[in-house]
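Structure assessment
Spelled out, the chains give:
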Amino acid sequence: MTAAAPSALRESLRERKKRRTRQALIDTALELFTQRGFGGVTLDELCEEVEVSKRTFFRTFTSKEDVAMAPDQDLWRAFLGELETAEPDGLPVVELGRDALLAALERMDDEGWTRRLLLSRRLAERTPSMGAHGLQFCEATTQQALEILHRRFGLGAPGDLRPRLAVDMLIAAFRGAVAGWVAQAEEADGVGGASRTQGEPPPRHDLAARLREAIAALPESLALTTTST
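Residues numbered from 1 in each chain as written. Predicted model: local features only at pLDDT ≥ 70, side-chain atom pairs only at ≥ 80, totals over all residues. Heavy atoms only, no water.

**Comments concerning the nonpolar core**
Counting residues in each nonpolar core, the largest one holds 40 residues, and the members touching the most others are Leu 75, Phe 79, Leu 83, Leu 101 and Leu 207. Among the elements of the structure, helix H5 (70–85), helix H6 (93–107), helix H7 (113–125), helix H8 (128–153), helix H9 (162–189) and helix H10 (204–216) are those that each provide at least two residues to this core. Counting residues per element, this core draws most heavily on H9, which supplies 11 residues. Sequence-distant contacts of Phe 79, that is, excluding residues within four places in its chain, are made with Gly 97, Ala 100, Leu 101, Ala 104, Ala 145 and Leu 170. Leu 32, Leu 43, Val 50 and Val 52 belong to the second largest nonpolar core, which has 22 residues in total. (Core = buried A, V, L, I, M, F, W, Y, C linked by side-chain atoms within 4.5 Å. Buried < 20%, exposed > 50% of the residue type's maximum accessible area, 1.4 Å probe, protein only. Helix = DSSP H or I, 4+ residues; strand = E, 2+ residues; numbered from the N terminus. Contact = heavy atoms within 4.5 Å.)

**Some remarks on the pattern of salt bridges**
According to the stated counting rule, one finds 17 salt bridges in the structure shown. Arg 115 is the partner of Glu 31 in a salt bridge, and the nearest nitrogen-oxygen pair spans 3.1 Å. Placement of the pair is Glu 31 in helix H1 (residues 4–36) and Arg 115 in helix H7, with a sequence separation of 84 residues. What you see here is one network of salt bridges that share partners, running through Arg 22, Asp 74 and Arg 77. (Salt bridge = Lys/Arg side-chain N within 4 Å of Asp/Glu carboxyl O.)

**Thoughts on unusual backbone geometry**
Residue Glu 51 is not a glycine yet carries a positive backbone phi of 65 degrees. Relative to the elements of secondary structure, Glu 51 occurs in the loop between helix H2 (43–50) and helix H3 (54–60). For Glu 51, a relative accessible area of 73% corresponds to the exposed category.

**Details of the layout of surface pockets**
The computed volume of the largest pocket comes to approximately 360 Å³. Every residue lining the largest pocket is counted, 17 residues in all, and those nearest its centre are Met 69, Asp 72, Arg 121, Gly 134 and Arg 175. Among the secondary structure elements, those contributing two or more residues to the lining of the largest pocket are H5, H7, H8 and H9. Looking at the lining of the largest pocket element by element, the count peaks at seven residues for H8. A class-by-class count of the residues in the lining of the largest pocket yields nine nonpolar, five polar and three charged. Its volume calculated, the second largest pocket comes out at about 200 Å³. Lining the second largest pocket we find Lys 17, Lys 18, Thr 21, Arg 22, Val 52, Thr 56, Arg 59 and Thr 60. For the lining of the second largest pocket, the secondary structure elements donating two or more residues are H1 and H3. Top contributing element to the lining of the second largest pocket by residue count: H1, with four residues. Classifying every residue of the lining of the second largest pocket by side-chain character gives one nonpolar, three polar and four charged. (1 Å grid on protein atoms, 1.4 Å probe; cavity = no way out; pocket = protein on both sides within 12 Å on 5 of 7 lines; lining within 4 Å. Points joined across faces, edges and corners; volume = space filled by probe spheres on them. Nonpolar A, V, L, I, M, F, W, Y, C, P; charged D, E, K, R; others polar.)

**A word on empty space enclosed by the protein**
One pass over the full model with this rule turns up one cavity of 30 Å³ or more. Approximately 60 Å³ is the volume found for the largest cavity. Residue lining of the largest cavity: Phe 79, Leu 83, Val 93, Val 94, Leu 96, Gly 97, Ala 145, Leu 149, Ala 166, Val 167 and Leu 170, and that is the complete set. Ranked by residues supplied to the lining of the largest cavity, first place goes to H6 with four residues.

**Notes on the confidence of the model for the chain**
Of the residues in the chain, 91% reach a pLDDT of 70 or more, and the chain-wide mean stands at 91. Contacts for the low-pLDDT stretch residues 192–197, under 50 throughout, to residues beyond four places or in other chains number 12 contacts. (pLDDT = per-residue confidence, 0-100.)

**Quick look at the packing of H6 against H10**
The N-to-C vectors of H6 and H10 enclose an angle of 175 degrees; their axes lie 11 Å apart at closest approach. Considering their axes alone, H6 and H10 lie roughly antiparallel with respect to each other. Counting all contacts with H6, which are made through Val 94, Arg 98, Leu 101, Leu 102, Leu 105 and Glu 106, the residues of H10 involved are Arg 204, Leu 207, Ala 208, Leu 211, Arg 212 and Ile 215. Classifying every residue of the contact of H6 with H10 by side-chain character gives eight nonpolar, no polar and four charged. (Axes fitted to C-alpha atoms, helices over the stretch in contact; angles between N-to-C directions. Parallel < 35°, antiparallel > 145°, perpendicular 65-115°, else oblique.)

**Details of a positive patch on the surface**
On the surface, a cluster of positive charge is made up of Arg 16, Lys 17, Arg 19 and Arg 20. Mapped onto the secondary structure, Lys 17 falls in helix H1. Overall, the relative accessible area of 54% leaves Lys 17 in the exposed class. (Patch = residues over 30% accessible without salt bridge, like charges linked within 9 Å, V, L, I, M, F, W, Y side chains within 5 Å. Areas by Shrake-Rupley, 256 points an atom, 1.4 Å probe, with all protein chains shown as cover. Lys, Arg positive; Asp, Glu negative; His and termini not counted. Charge placed at Lys NZ, Arg CZ, Asp CG, Glu CD.)

**Side note on the environment of Asp 189**
On the secondary structure map, Asp 189 appears in helix H9. Take Asp 189: its relative accessible area is 19%, and that puts it in the buried class. Between the alpha carbons of Asp 189 and Pro 201 there is a distance of 9.0 Å; along the sequence they are 12 residues apart.

This is how it looks when you write it as C-alpha cells:
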C-alpha cells in the first residue's frame, strides 16, 4: 500500500499537468486564431507561445483544426459518455439523446467553456478547413452513438435507418441551437469585427434552453406540408 501511494501520486500529477497543458493549448490557440486569423498562426508559433514542443502538441491534438474545435468535441465526447450510462425508461431515441446531451452540457462546468465555444464557432464560420474537420468528427461521433444504441438498447437492425435519422436530427437541433446562441452573442456585442474577442458569451443555460426548444420543434418540422403560393 505504501509503495503504491507515491506511484499513484505521480500519476495524478502527470494527469493534472497534461490537462493544464491541453487547456493552455486550447485557450492560446483560440485567442491567437481570433486575433490573427486561423492561417495567420503557425503550429510552431502556437507551441512557442505555450512553451511546449510539437511532439507534445501531437500527443494531444492531430492538427490546428483539432485544437480549434476542442470545445465542441469535448461536449460530444461527454455526450457519448452520458449515452453509455443512460437508462432508457421507454423514451424515444431523440429524447434519450436530448437528455444525454443536456447532461453533457451540464458537465461543461468550467466557466471558460462557453467563451471557448463562442470563439471556436466564430472561427469555424470563416475557416473552411475547420468545417471539413467538423464533418469528419461528426460522422465518427454519429457512428459511436449508433454503436452504443445497438449494443445497449438493441436498436439498429440491418436496413433500419431510424436510429441514424434520430441521431442526425439531434445533431441538427444542436446546430440550430448553437447558431441562435452565437447570434444572440453577436447581437449583444453589436457584431464587431472579425477579430473581436471582447464581450461575454450568453450563459450556458441559454444554450440549454435553445437546445430544448430546437428538439421540441423536431416533430413539427416533420409535419410541415407544402402548398402552392
